Amino acid sequence: MALVTAPQIDAPVINEVDMGSDPAALTVRATVVQASTVFYDTPATLDKAERLIADAAAYGSQLVVFPEAFIGGYPRGSNFGVAIGSRSTKGKEEFRKYYAAAIDVPGPEVDRLAALAGKYKVYLVMGVIERDGYTLYCTVLFFDSQGQYLGKHRKLMPTALERVIWGFGDGSTIPVFETPVGKIGALICWENRMPLLRTALYAKGIEIYCAPTADAREVWQASMTHIALEGGCFVLSANQFCRRKNYPPPPEYVFDGGEDNLSPDSVVCAGGSVIISPSGSILAGPNYEGEALISADLDLGEIVRAKFDFDVVGHYARPEVLNLTVKDHPLNPVTFTSTAQKPSSEKSKQSFASS
């Protein structure tokens, strides 16, 4: 596992954080993980996640961000036997196996991830495939360094064929969590290109903007730089680096349209994970070489300096001309009036600024 760091990092930092009287003076060591899922093997993927978290923590990282769908897997190249008007028997069986690799939230895998965050004293942002009944969601889970599960973000808008296999999130899971290492939130892959959704996070005061993704194209870097500048925040983008051999061999798993051109060592996702400052400077990455831990020290004072130039929901806003209303309540398909509605424990941990 390669360790890629920003030039200024030369010694471990202490994991325990003391905010003191000036949070903007805080420096946070962050790591984005660029590594592949052990596809169809969630226990092995969790074991791999622990090794990666341990390596990052040993280096002094206080915040560790994993790629989209790291637990459960990103089904790159699969079409699940879908054509308009038909589903194949083989595709349905592929979905059954994919469903089996997903996790329940809450559930035993969430408990283990929480324990890992507490064991290694890191704030953890983890991409998972969440199973809720018989629907799957592409989800990010958040944990604090005391081993507590904070909450989740469900991908609001899956892209292209993702819409066949994943459900749609709603406005109730777009949190920003206020923590001793900064205000942390996340959007997943191409929903980062949705300006109104980004604006909702900016209004909640996001400082460390996590962008787990499956997009390894160079043009992705332009989006990440723009978001850092637009939001005046640190952007941490984590992607998997995968070779064909990280997926099951054919015929168990087939890359639609390209299997004949692939060898076991062919790169099917090249990574490109990166850390960018609020001024648009690249602090670490992008890395296209292989699995890596990509780390940088985040000087939160940079946020204040960037906001002096441009505060998109502050002095640069024009609410008398343009404003956004976010419907942040859960949208349930069935409601039973006899069931007492209890307030969400997640909401009490979230930092919500008014839109």
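Our subject in this report is the structure included herewith.

Cut-offs used in this document
Residues numbered from 1 in each chain as written. Predicted model: local features only at pLDDT ≥ 70, side-chain atom pairs only at ≥ 80, totals over all residues. Heavy atoms only, no water. Helix = DSSP H or I, 4+ residues; strand = E, 2+ residues; numbered from the N terminus. Buried < 20%, exposed > 50% of the residue type's maximum accessible area, 1.4 Å probe, protein only. Areas by Shrake-Rupley, 256 points an atom, 1.4 Å probe, with all protein chains shown as cover. Contact = heavy atoms within 4.5 Å. Salt bridge = Lys/Arg side-chain N within 4 Å of Asp/Glu carboxyl O. Phe/Tyr/Trp six-rings, centres within 6.5 Å; stacked < 30°, edge-to-face > 60°.

1. Quick notes on the overall build of the protein
Reasoning step 1: Summing up its helical and strand segments, the protein has seven helices and 18 strands in all.
Reasoning step 2: When the 355 residues of the protein are sorted by exposure, 53% land in the buried category.
Reasoning step 3: With an accessible surface of roughly 16,000 Å², the protein has 55% of that area assigned to carbon and sulfur atoms.

2. Some remarks on the environment of Ala 317
Reasoning step 1: On the secondary structure map, Ala 317 appears in the segment after helix 7 (301-309).
Reasoning step 2: Judged by its relative accessible area of 25%, Ala 317 is partly exposed.
Reasoning step 3: Dropping the residues within four chain positions of it, Ala 317 is found in contact with Asp 311 and Val 312.

3. Quick look at the pattern of salt bridges
Reasoning step 1: Taken as a whole and assessed by the stated rule, the structure comprises 22 salt bridges.
Reasoning step 2: Between Arg 154 and Asp 132 there is a salt bridge whose closest N-O contact spans 2.8 Å. A residue pair is termed long-range when its members are at least 10 positions apart, and Arg 154 in strand 9 (residues 149-154) and Asp 132 in strand 7 (residues 123-132) qualify at 22 residues.
Reasoning step 3: Residue classification places Arg 154 among the buried positions, given a relative accessible area of 13%.
Reasoning step 4: Owing to a relative accessible area of 40%, Asp 132 belongs among the partly exposed residues under this scheme.

4. Things to note about the packing of aromatic side chains
Reasoning step 1: All chains considered together, the criterion is met by 17 aromatic pairs.
Reasoning step 2: On the numbers, 6.4 Å between centres and 40° between planes, the contact of Phe 95 with Tyr 99 is tilted. Of the two residues, Phe 95 and Tyr 99 are both situated in helix 2 (residues 89-101); the distance of four residues between them amounts to about one turn of the helix.
Reasoning step 3: A network of ring pairs unites the aromatic residues Phe 39, Tyr 40, Phe 80, Phe 95, Tyr 98, Tyr 99, Tyr 134, Tyr 247, Tyr 253 and Phe 255 as a single cluster.

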